[in-house]
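A look at the structure
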Amino acid sequence: RARESGQDFLFYSAEMNRRSLARVMLDTELRYALERNEFLLHYQPQYHQQTGRIVGAEALVRWKHPRRGLVPPSEFIPFAEETGLILLIGEWIAQEVIRQVGEWNRQGLSLPRLSLNLSAKQFRPGLVERLQALCEQHGVRTEQLELEVTETLLMHGDAQTTDLIHALSEAGFALALDDFGSGYSNLAYLHRFPFDTLKIDRSFVSGLPGNNSNAALVRAILGIAESLGIEPIAEGVETAEEAHFLLQHGCPRYQGFLFSRPLPLDGFVSLLDAQP
Ligand code: C2E
Ligand code: CA
Ligand code: CA
Ligand code: CA
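Here is a short report on the structure shown in this document. (Residues numbered from 1 in each chain as written. Chains lettered and ligands numbered in written order. Predicted model: local features only at pLDDT ≥ 70, side-chain atom pairs only at ≥ 80, totals over all residues. Heavy atoms only, no water.)

1. A look at helix α4 (residues 127-138)
Spanning 12 residues, α4 covers 17 Å between terminal C-alpha atoms, matching the ideal 16 Å at 1.5 Å per step. For α4, the full list of buried residues reads Leu127, Val128, Leu131, Leu134, Cys135 and His138. For α4, the angular spread of the buried residues around the axis is 135°, confining them to a single face. Counted as exposed and oriented over 90 degrees from the buried face of α4: Glu129, Glu136 and Gln137. As for α4, its buried residues are in contact with α3 (86-107), β5 (145-150) and α6 (159-170). (Helix = DSSP H or I, 4+ residues; strand = E, 2+ residues; numbered from the N terminus. Expected span 1.5 Å × (residues − 1). Buried < 20%, exposed > 50% of the residue type's maximum accessible area, 1.4 Å probe, protein only. Arc of directions from axis to C-beta. Contact = heavy atoms within 4.5 Å.)

As structure tokens, this is what we get:
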């Protein structure tokens, strides 16, 4: 027994060393990636079923790794949030998103709103002023940007976060509650914070209307959104049946593979240009 657990210990410590080595390497690589400008944004349109128009888009970060190709955010954003590197990556994302909207403004491209994801770690003093300064620098109105935050940010309900959220709203930024229903949902959040948009998490949209519990939950979420006057949007819509159910129950806006995957800049601009 003793020998066995001794071996276990050796095994686990070797495994732990490997893991911390991998972490150090990833951290170094991500810092290089920032220097070498290896991050890029894809844009996923948000679609209005009744008008058939693109009503907005979400900017989603990718990492163009020299050897591994396009790395999805799930492979580096959670890590960057843990280490704090998200502050530097988030700064790059905000710069790039706002610079791009400014460019589209000058080109006369009409996109009502672009959404960007903010990590909870980015809610620090100076956030509002930094985003406002970038908007001024690039000729962007704050109303043209929507900031997506998740419920985990609201969970702790500390005064600093609450103040920052209100200040962002007062500065004119639109606010979206992302992944609604997936975390520690608490309806009080929706009352306390000035959200414009509620994004229904993909896990609830999947399998509508055949999935009975999802159908009931989505109906309930849409009822809440309506009574609070918050605009709902569904994410991860993949089938015409899901889209139809959402439209019938008061959610005409969606984002999902059914309409379009997240697109590289060129593809997204072509799609916008092709609109009637
Ligand atoms: P999210 O904010 O919930 O973003 C939506 C994710 O769902 C995107 O994954 C998108 O590609 C995917 N998606 C959209 N439509 C469909 C669909 O119909 N079916 C399926 N199966 N998936 C769909 P992506 O781009 O891999 O991003 C994953 C997560 O990484 C995001 O989830 C977000 O939490 C994080 N992330 C992405 N970009 C950023 C960023 O710029 N900043 C921060 N802080 N986080 C980001
Ligand atoms: Ca999002
Ligand atoms: Ca989401
Ligand atoms: Ca989600």
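2. Points about the coordination of the calcium ion (ligand 4)
Note on metal geometry: ideal angles are 109.5 degrees for four donors arranged tetrahedrally and 90 or 180 degrees for six donors arranged octahedrally. Within the protein, the calcium ion (ligand 4) binds to Asp179 (OD), Asp201 (OD) and Glu235 (OE); these donor distances fall in the range 2.6 to 2.8 Å. Of note, the donors binding the calcium ion (ligand 4) are all from one chain and are spaced D-x21-D-x33-E. Residue classification places Asp179 among the partly exposed residues on the basis of a relative accessible area of 23%. (Donors = N, O, S within 2.8 Å, 3.2 Å for Na, K, Ca; no water.)

3. Remarks on the packing of α4 against α6
It is at 9 Å that the axes of α4 and α6 come closest, and there the two elements cross at 25°. Judged on the interaxial angle alone, α6 and α4 are roughly parallel. For the pair α4 and α6, the crossing hand works out as right-handed. Contact with α4, carried on its side by Leu127, Val128 and Leu131, involves Leu164, Ala167 and Leu168 of α6 and no other residues of that element. Here the contact of α4 with α6 is composed, by residue class, of 6 nonpolar, no polar and no charged. (Axes fitted to C-alpha atoms, helices over the stretch in contact; angles between N-to-C directions. Parallel < 35°, antiparallel > 145°, perpendicular 65-115°, else oblique. Left-handed = near helix turned anticlockwise from the far one by under 90°. Nonpolar A, V, L, I, M, F, W, Y, C, P; charged D, E, K, R; others polar.)

4. Structural notes on the site of ligand 1
Near ligand 1 you find 20 residues, and of these Gln44, Arg62, Arg202, Glu238 and Phe257 are the closest. Within the side chain of Glu58, an N or O atom sits 3.3 Å from an oxygen atom of ligand 1. Separating a nitrogen atom of ligand 1 from a side-chain N or O atom of Glu238 is a distance of 2.5 Å. When residues of the shell around ligand 1 are traced back to their parent elements, those giving at least two are β2 (53-65) and β6 (174-180). With 4 residues, β2 is the largest single contributor of residues to the shell around ligand 1. Class assignment of the residues belonging to the shell around ligand 1 gives a composition of 8 nonpolar, 5 polar and 7 charged. (Near = heavy atom within 4 Å. Polar contact = N/O pair within 3.5 Å; in protein donor to acceptor, adjacent residues only side chain to side chain.)

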